[in-house]
Amino acid sequence: ICHFTQRSSTLSFPKLCNIFWWYHHTSISRLCSCSKTASDEKYQDPFQLGRKDLKNLYEDIKKELLVSTSELKEMCDYYFDGKGKAFRPMIVVLMARACNIHHNNSREVQASQRSVAIIAEMIHTASLVHDDVIDDANSRRGKMTVNQIWGERKAVLAGDFILSAASVALARIGNTTIISVLTQVIEDLVRGEFLQLGSKENENERFAHYLEKTFKKTASLIANSCKAVSILGCPDPKVHEIAYQYGKNVGIAFQLIDDVLDFTSCADRLGKPTAADLKLGLATGPVLFACRQFPEMNAMIMRRFSKPGDVERARKYVLQSDGVQQTTYLAQRYCHEATREISKLRPSPEREALIQLTEMVLMRDK
């Protein structure tokens, strides 16, 4: 996925842990103090700054989902209720503005760039609908899942329909490069799901497997959406790479913090049950780091926490270990890399907001 992940596949897991520990104790405090002073001077609230471009976002999505069947419409409207933070579309419009300003000081978001933000949210939501079916999930964002209300078969079809509507909107942009970049996201989502269904016996391969799954399932959408708007706004391939790297690193950090919150946040705050990943048989970052201190967890990982009491024991081990702390340090490492990349663009309020966003990813509690 990146130089960091590629290196991880050749390093032993204990060495990896030591690198993360060393990185934290030599760099993280410096990173936090540096970014704090920069953002204090010119603090930009990403949500405020991105709001003008996201006005009527969900109404526009619903226009893409015009259907004759009332039940299908009801299902599609269920998640597009306008109550989400629209995290992904917001990153996309901020990146569009930052790249446009970098290229020719244009302060407008192109219609095609805004379309990418809409398509990103549609692909993301379709993947949530399908994930909830695969996981047999009961709740999402604090309410019942589509599969619980309408049943699995109809939920699968609703997810397919949202994906097909996103594909139509993508074709309408009329740019083959953009089509290629964003269809990669759909391929990665499927491959990521397959990676999640498998597990590695070799401890050293396990972490690389986890990071690759994290990239494909979460970060690819953000990385490729950022790349798409940079291509539409600026001809420079270096800028396309900056946008991609920023999105990739923020996306991986976002998921790492999500995996931490599965152990540290209460269900009410999270909007879904805690220890959900363990119940699904998944070994995320906190579990893999905890294994270093509690090797007996390896057997549990291989049987996907399927024996009675496995989930409770594994959760206890994680909270007794430094697994949560180490995963948080790793997320900080990715956020630092994202900040380093986006800082290569010309200064702009949007660039500062994207830097600020990396801190918000680390500080979120739901």
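Preceding block: the structure.
Keep in mind that this is a model prediction, so the values were computed, not measured. (Residues numbered from 1 in each chain as written. Predicted model: local features only at pLDDT ≥ 70, side-chain atom pairs only at ≥ 80, totals over all residues. Heavy atoms only, no water.)

**Here's the deal with the overall build of the protein**
Working step 1: If you tally the helices and strands in the protein, you get 19 helices and two strands.
Working step 2: Per-residue burial over the protein gives 56% buried out of 366 residues.
Working step 3: For the protein, the share of sequence-separated contacts (at least 6 apart) that also reach a separation of at least 24 residues comes to 75%.
Working step 4: Just so you have it, the protein exposes about 16100 Å², and 53% of that area is on carbon and sulfur atoms. (Helix = DSSP H or I, 4+ residues; strand = E, 2+ residues; numbered from the N terminus. Buried < 20%, exposed > 50% of the residue type's maximum accessible area, 1.4 Å probe, protein only. Contact = heavy atoms within 4.5 Å. Areas by Shrake-Rupley, 256 points an atom, 1.4 Å probe, with all protein chains shown as cover.)

**Things to note about the packing of aromatic side chains**
Working step 1: Taken as a whole, this structure holds seven aromatic pairs when the rule is applied.
Working step 2: Relative to Tyr-79, the ring of Tyr-78 has its centre 5.7 Å away and its plane inclined at 40 degrees; by these criteria the two rings are tilted.
Working step 3: For Tyr-78, a relative accessible area of 17% puts it in the buried group.
Working step 4: Classification of Tyr-79 by relative accessible area gives buried; the value is 3%.
Working step 5: Members of the aromatic cluster, connected to one another through ring pairs, are Tyr-78, Tyr-79 and Trp-150.
Working step 6: One cation-aromatic arrangement involves Lys-85 over Phe-47; the distance from NZ or CZ to the ring centre is 4.8 Å. (Phe/Tyr/Trp six-rings, centres within 6.5 Å; stacked < 30°, edge-to-face > 60°. Lys NZ or Arg CZ within 6 Å of the ring centre and 35° of its normal.)

**A look at the environment of Lys-344**
Working step 1: Summarising the element assignment, Lys-344 is placed in the loop between helix H18 (323-342) and helix H19 (349-363).
Working step 2: Separated by 102 residues in the primary sequence, Lys-344 and Ile-242 place their C-alpha atoms 7.5 Å from one another.
Working step 3: Here Lys-344 is in contact with His-102 and Ile-242, once residues within four sequence places are set aside.

**Here we look at the side chain of Ser-225**
Working step 1: Along the chain, Ser-225 falls in helix H11 (residues 203-233).
Working step 2: Every residue in contact with Ser-225, bar those within four places of it in the chain, is listed here: Val-92, Val-116, Ala-120, Leu-182 and Ser-220.

**Side note on the packing of helix H6 (residues 87-104) against H11**
Working step 1: Relative orientation of the contacting elements H6 and H11 amounts to 30 degrees, with a least axis distance of 8 Å. Relative to H11, the element H6 lies roughly parallel. Between H6 and H11 lies a crossing of right-handed hand. Taking contact as the criterion, the partners of Phe-87, Arg-88, Ile-91, Val-92, Met-95, Ala-96, Cys-99, Asn-100 and His-103 in H6 are, on H11, Leu-221, Ile-222, Ser-225, Cys-226, Val-229, Ser-230 and Gly-233.
Working step 2: Here the residues of the contact of H6 with H11 are counted per class, giving ten nonpolar, five polar and one charged. (Axes fitted to C-alpha atoms, helices over the stretch in contact; angles between N-to-C directions. Parallel < 35°, antiparallel > 145°, perpendicular 65-115°, else oblique. Left-handed = near helix turned anticlockwise from the far one by under 90°. Nonpolar A, V, L, I, M, F, W, Y, C, P; charged D, E, K, R; others polar.)

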